[in-house]
Amino acid sequence: MNFAIILSLAILLDFVCSENLNFLIHPVILIGKLILFLERRLKNGYILCALVLILAGITAGIFLFMFDFNIFAQIYLIYLALAWRDLKDETLIIAESLFKNNIPEAKKFLSRVVGRDTQNLNKNEISRATIETIAENSIDGIMSVMFYALVGYIINKNLIGVFVWIFKAVSTLDSMIGYEKYKNFGKPSAKLDDILNFLPARLGGIIIIIAGGFKIKNLKIFLRDRLKHKSPNSAHGESAFGAVLNLKLGGGAYYNGKFEEREFIGGNNNPEAFDIIRAQNLLDRSCALFAIVIIFTAEFFALICA
């Protein structure tokens with residue numbers, strides 16, 4: 001089973017078809033419904049987290065078994081997990097709204113992709129929030145998916161899709177119950193997400209610096225700012241994007257009416273609407289380079305195990 005073909009075709013499908021090949025309800029939506037169902041009935045966050053991961057893994061395994069673990073089933077599961085095309089589409093419409101100077105529309109579209117309050121943001125703040133979303137999701141929505149496809153390939157070539165969807169289940173858990181509102185209940189999901197994204201975030205940050213045309217100055221900014229976030233991983237993508245694009249990212253924001261203080265990271269310039277397009281271009285270069293690194297790693301592993 002050729003990993004390069006599997007990952008390349010999954011990425012191609014994501015770009016060409018977006019979610020058009022998803023004939024049923026998207027698995028992330030199903031996982032979200034499962035989390036909501038269990039949240040109302042369980043008081044232990046560890047049990048909820050374990051149940052969601054077990055059911056996600058079993059479901060992906062059954063799907064692969066139904067299709068005899070063939071290459072097309074593996075491609076389909078990775079394709080569904082990738083958020084590359086969707087991330088670009090969702091952030092492009094924000095940029096287009098800003099180009100038209102339609103701030104209310106930009107806020108509405110932004111509210112679909114960020115957790116912060118958007119009603120009082122100005123044009124620069126909307127641009128900053130959009131670029132931060134691109135930066136953070138470049139890792140946990142794209143690079144981490146590729147990374148766990150590689151992990152699955154190394155452990156068991158027939159179960160690539162299972163590993164990918166266990167990771168996606170953790171990511172969904174973290175986004176739904178991992179934040180401060182849930183405190184101890186969401187802590188297992190948040191911590192597991194931190195653990196699974198630990199290596200992809202660090203590798204991804206370096207890849208972004210390289211894809212942006214490697215400069216020592218950018219590397220120094222990345223190393224200086226990569227831990228300036230309450231999450232051990234979130235600032236890696238943001239600091240790398242901010243360094244390469246020379247944009248000031250981070251800073252405080254309101255979440256559910258409560259102001260959350262954060263340090264500024266990255267470069268010196270305040271983001272503008274056109275910088276969203278620059279961030280998308282850097283996203284493409286970075287994720288393409290990450291895919292190449294992952295593919296070469298898989299080929300190297302196959303070679304030494306032959």
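Structure shown above.
Residues numbered from 1 in each chain as written. Predicted model: local features only at pLDDT ≥ 70, side-chain atom pairs only at ≥ 80, totals over all residues. Heavy atoms only, no water.

Visitor: Give me the nonpolar core: which residues, what numbers.
Guide: Phe3, Leu7, Ile78, Met146 and Phe241 are the most contacted members of the largest nonpolar core, which totals 89 residues. The dominant element in this core, judged by the number of residues it contributes, is helix H7 (residues 123-155), at 15 residues. Those residues in contact with phenylalanine 3 that sit more than four places away from it in its chain are Met146, Ala149, Leu150, Tyr153, Ile160, Ile294, Ile295 and Ala298. (Core = buried A, V, L, I, M, F, W, Y, C linked by side-chain atoms within 4.5 Å. Buried < 20%, exposed > 50% of the residue type's maximum accessible area, 1.4 Å probe, protein only. Helix = DSSP H or I, 4+ residues; strand = E, 2+ residues; numbered from the N terminus. Contact = heavy atoms within 4.5 Å.)

Visitor: Lay out the packing of aromatic side chains with the relevant residues and their values.
Guide: The final tally for this structure, using the stated rule, is nine aromatic pairs. Between phenylalanine 63 and phenylalanine 67, the ring centres sit 5.0 Å apart and the planes meet at 50 degrees, which makes this aromatic pair tilted. On the basis of relative accessibility, which here comes to 23%, the residue phenylalanine 63 falls in the partly exposed class. On the basis of relative accessible area, phenylalanine 67 is assigned to the partly exposed category, the value being 38%. Seen in terms of ring centroids, phenylalanine 147 and tyrosine 148 are 5.0 Å apart; in terms of plane orientation they differ by 80 degrees. Their pairing is edge-to-face. (Phe/Tyr/Trp six-rings, centres within 6.5 Å; stacked < 30°, edge-to-face > 60°.)

Visitor: I'd like a description of a nonpolar patch on the surface, backed by residues and values.
Guide: A contiguous nonpolar surface patch, about 500 Å² in accessible area, is contributed by Ile54, Ile58, Ile62, Met66 and Phe67. Inspection of the secondary structure assignment puts isoleucine 62 in helix H3 (residues 45-66). Residue classification places isoleucine 62 among the partly exposed residues on the basis of a relative accessible area of 45%. (Patch = residues over 30% accessible without salt bridge, like charges linked within 9 Å, V, L, I, M, F, W, Y side chains within 5 Å. Areas by Shrake-Rupley, 256 points an atom, 1.4 Å probe, with all protein chains shown as cover. Salt bridge = Lys/Arg side-chain N within 4 Å of Asp/Glu carboxyl O.)

Visitor: Explain the packing of helix H8 (residues 160-177) against helix H9 (residues 183-211) to me, using residue names and the numbers behind them.
Guide: In contact at an axis separation of 8 Å, H8 and H9 are set at 135 degrees when each is read in the N-to-C sense. Comparing their axes, H9 and H8 come out oblique. For the pair H8 and H9, the crossing hand works out as left-handed. Where H8 abuts H9, its residues Phe167, Val170, Ser171, Leu173, Asp174 and Ile177 lie against Phe185, Gly186, Ser189, Ala190, Leu192, Asp193, Leu196 and Asn197. Considered class by class, the residues forming the contact of H8 with H9 number eight nonpolar, four polar and two charged. (Axes fitted to C-alpha atoms, helices over the stretch in contact; angles between N-to-C directions. Parallel < 35°, antiparallel > 145°, perpendicular 65-115°, else oblique. Left-handed = near helix turned anticlockwise from the far one by under 90°. Nonpolar A, V, L, I, M, F, W, Y, C, P; charged D, E, K, R; others polar.)

Visitor: Outline the pattern of salt bridges, supporting the account with residue identities and numerical values.
Guide: Across all of its chains, the model carries ten salt bridges by this definition. For the salt bridge of arginine 85 with aspartate 89, the shortest nitrogen-to-oxygen distance reads 2.9 Å. With arginine 85 and aspartate 89 both in helix H5 (residues 84-99) and four residues apart, the pair spans about one turn of that helix. For arginine 85, a relative accessible area of 25% translates into the label partly exposed. The exposure class assigned to aspartate 89 is partly exposed, which follows from its relative accessible area of 30%. Between arginine 116 and glutamate 132 there is a salt bridge, and its shortest N-O distance comes to 2.6 Å. In this pair, arginine 116 is assigned in the loop between helix H6 (103-110) and H7 and glutamate 132 in helix H7, connecting sequence segments 16 residues apart.

Honestly, it's all geometry; don't read function into it.
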